[in-house]
Amino acid sequence: MAYHSCHNGVHLSSEQKSELEEVAALIGTPGKGITACDEGPGTIGDRFEKVGVENTEENRRVYRQMLFETPGASDYLSAAILDPETVFQTSTSDGMTFPAKLTSLGIVPGVKPHLKVYALPGQFGSTVMQGLDSLAVRCREYREAGCRFAKWRSPLEIDVSNGQPSDLVIQANMRDLARYALICQDEGLVPIIEPDVSLSGDHDLETAVMINVKVQAELYHACLEHGVFMEGTILKSNMVNAGKNCSTPYSVSDIADANLAVLRRCMPVAIRSANFLSGGQPLPDACARLNAMNNAPGVKPWNLSFSWSAAIQLPILDLCKGRGGELPLEEMAALYIKELKMASAAALGKYTPASPTEGDHIPPSK
């Protein structure tokens with residue numbers, strides 16, 4: 001029998017499917033989330049520079065080791081996304097590679113396999129991500145190194161005046177995510193698919209909902225058409241919100257309802273977990289919004305959790321200021337655990353906001 005599309009991984013053996021489902025289930029463990037540590041040397045270098053830390057490979061390694069091995073971190077983490085550089089580095093605790101060390105701690109190791117964005121001509125700066133051509137070879141290498149999932153980010157921006165993201169931009173990015181997912185699964189890696197609609201701009205919440213529905217509808221349609229095994233897939237998306245410069249205020253409940261509306265209209269029940277990115281939100285706001293989603297009434301057949309980088313790491317890196325380039329690892333680890341406890345509580349719907357307005361969209365002052 002010929003299978004043309006919508007075959008849900010017919011080319012995969014039952015053993016391959018079982019492994020993908022098992023890894024997806026581990027990543028989607030309730031109350032646990034993902035620590036996103038996949039910034040490239042340039043991105044983390046910018047963060048280091050702002051706090052007076054030299055951007056060396058050893059400083060990057062030491063810092064990531066703290067994020068992985070802080071005692072108690074594994075109580076709140078199901079997975080960690082690594083930059084390719086980190087995949088091949090080792091822990092000074094016992095000489096294990098970081099993927100092996102994370103596995104020993106019960107944290108699933110994964111990797112960011114995509115390359116750089118490319119601005120599509122004629123699309124007002126909208127981009128696609130590069131790296132599909134050599135993806136299978138790299139996935140094979142990362143799996144041999146101990147990784148069990150991958151994460152591909154497709155960034156999009158809402159620019160109403162220029163009609164962005166256009167149908168072309170959405171289709172190109174979502175079909176790339178589907179191809180990436182198909183290739184990853186064939187190489188034994190669970191694909192985390194990341195459509196990242198930026199919070200920049202002045203669009204209102206209703207516009208954000210409409211565009212996010214359009215993006216996610218195209219994403220799942222593309223995945224189904226490509227024959228992606230949906231049960232072995234994880235979603236990492238932006239939190240749906242008004243643009244940062246939107247002049248209309250919205251409550252945290254409004255924002256939670258908007259996110260759930262998008263998921264309920266689009267997300268297949270076969271995908272067991274949605275792990276939201278922070279996208280420039282401060283940690284307390286991100287926690288309050290995730291907490292509100294988990295406490296909202298109605299059917300929520302997925303695990304709703306976190307996959308945060310800047311929201312968690314920027315406050316930690318601020319501790320390096322005025323330290324002469326040193327990494328105060330003990331202080332950083334203590335704050336890290338405090339932040340992970342907050343994120344875990346939000347993922348369980350047990351977070352207590354510090355104020356009644358925490359998580360609200362508050363228009364910028366004029």
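Everything that follows concerns the structure shown earlier in this document.
Residues numbered from 1 in each chain as written. Predicted model: local features only at pLDDT ≥ 70, side-chain atom pairs only at ≥ 80, totals over all residues. Heavy atoms only, no water.

Looking only at helices and strands, the protein chain has 12 helices and 10 strands in total. Compactness check: the protein chain gives a C-alpha radius of gyration of 20 Å against a globular reference of 21 Å for 366 residues, within 12% of the reference. Each principal axis of the C-alpha distribution contributes one length, and for the protein chain these read about 60 × 55 × 40 Å. Counting every position in the protein chain, which comprises 366 residues, the buried fraction comes to 55%. (Helix = DSSP H or I, 4+ residues; strand = E, 2+ residues; numbered from the N terminus. Rg over C-alpha atoms; globule rule 2.2 N^0.38 Å. Buried < 20%, exposed > 50% of the residue type's maximum accessible area, 1.4 Å probe, protein only.)

Summed over the entire model, instances satisfying the criterion amount to five aromatic pairs. Summarising the aromatic geometry, the rings of Phe 48 and Tyr 63 are spaced 5.8 Å apart at their centres and angled 80 degrees between planes, so their arrangement reads as edge-to-face. In this pair, Phe 48 sits in helix H2 (residues 41–50) while Tyr 63 sits in helix H3 (residues 57–69), placing the two residues 15 residues apart along the sequence. Here Phe 306 and Trp 308 contribute two aromatic rings whose centre-to-centre distance is 5.3 Å and whose plane-to-plane angle is 40 degrees, an arrangement assigned as tilted. Just as Phe 306 is buried, Trp 308 falls in that class too. (Phe/Tyr/Trp six-rings, centres within 6.5 Å; stacked < 30°, edge-to-face > 60°.)

Following Gln 164, the chain continues into Pro 165 via a peptide bond in cis, with omega recorded as 0 degrees. Among the structural elements, Pro 165 can be located in the loop between strand E6 (149–156) and helix H7 (167–186). A positive phi is found at Cys 6, a non-glycine position, where the angle reads about 55 degrees. For Cys 6, a relative accessible area of 46% gives the class partly exposed. A positive phi angle is found at Phe 124, which is not glycine, with a value near 55 degrees. Relative to the assigned elements, Phe 124 resides in the loop between strand E4 (117–119) and strand E5 (127–129). On the basis of relative accessible area, Phe 124 is assigned to the exposed category, the value being 57%.

Taking burial as the measure, the six residues of strand E2 (residues 77–82) include six buried ones, the bulk of the element. With five bridges connecting them, strand E1 (residues 33–37) and E2 associate as parallel partners. Bridge pairing in E2 links Cys 37 to Leu 82. Direction of pairing for E2 relative to strand E3 (residues 108–111): parallel, over a ladder of four bridges. Across the sheet, residue Leu 82 finds its bridge partner in E3, namely Val 111. (Pairing = 2+ DSSP bridges.)

Moving on, we come to the side chain of Lys 101. Residue placement: Lys 101 occurs in helix H5 (residues 98–104). For Lys 101, a relative accessible area of 13% puts it in the buried group. Ignoring sequence-local partners within four residues, the contact set of Lys 101 consists of Glu 69, Ser 93, Asp 94 and Met 96. (Contact = heavy atoms within 4.5 Å.)

Attention now moves to the pairing of E1. Of all five residues in E1, five are buried; the element is thus mostly enclosed. Where E1 lies against strand E10 (residues 303–308), two bridges are found, and the strand directions are parallel. When the sheet's bridge partners are listed, Ile 34 is paired in E10 with Ser 307.

Okay, the nonpolar core next. Ranked by internal contacts, the top residues of the largest apolar core, which has 89 residues, are Tyr 63, Tyr 180 and Trp 308. In terms of residue count, helix H12 (residues 329–347) provides more of this core than any other element does, nine residues in total. Sequence-distant contacts of Tyr 63, defined by excluding residues within four places in its chain, comprise Ile 44, Phe 48, Gln 313, Ile 316, Leu 317, Leu 327 and Met 332. If you look at the next biggest cluster of nonpolar residues, it comprises 15 residues, including Ala 36, Val 190, Ile 192 and Ile 234. (Core = buried A, V, L, I, M, F, W, Y, C linked by side-chain atoms within 4.5 Å.)

The subject of this paragraph is the environment of Pro 282. Here Pro 282 is to be found in the loop between strand E9 (273–276) and helix H10 (283–295). Residues Pro 282 and Leu 314, spaced 32 residues apart in sequence, show a C-alpha to C-alpha distance of 9.3 Å.

For the rest of this paragraph, the subject is helix H1 (residues 14–27). The terminal C-alpha atoms of H1, which comprises 14 residues, lie 20 Å apart, in line with the 20 Å expected from a rise of 1.5 Å per residue. Those residues of H1 lying buried are Leu 20, Val 23, Ala 24 and Ile 27. Down the axis, H1 shows its buried residues gathered within 100 degrees of arc, on one side only. In H1, those exposed residues whose orientation departs by more than 90 degrees from the buried face are Ser 14, Glu 15 and Glu 22. (Expected span 1.5 Å × (residues − 1). Arc of directions from axis to C-beta.)

We now examine the side chain of Thr 127. Considering the arrangement of structural elements, one finds Thr 127 in strand E5. Assessed through its relative accessible area of 14%, Thr 127 is described here as buried. Residues contacting Thr 127, with those up to four places away along its chain left out, are Val 117, Tyr 118, Ala 119, Leu 120, Pro 155, Val 169 and Asn 173.

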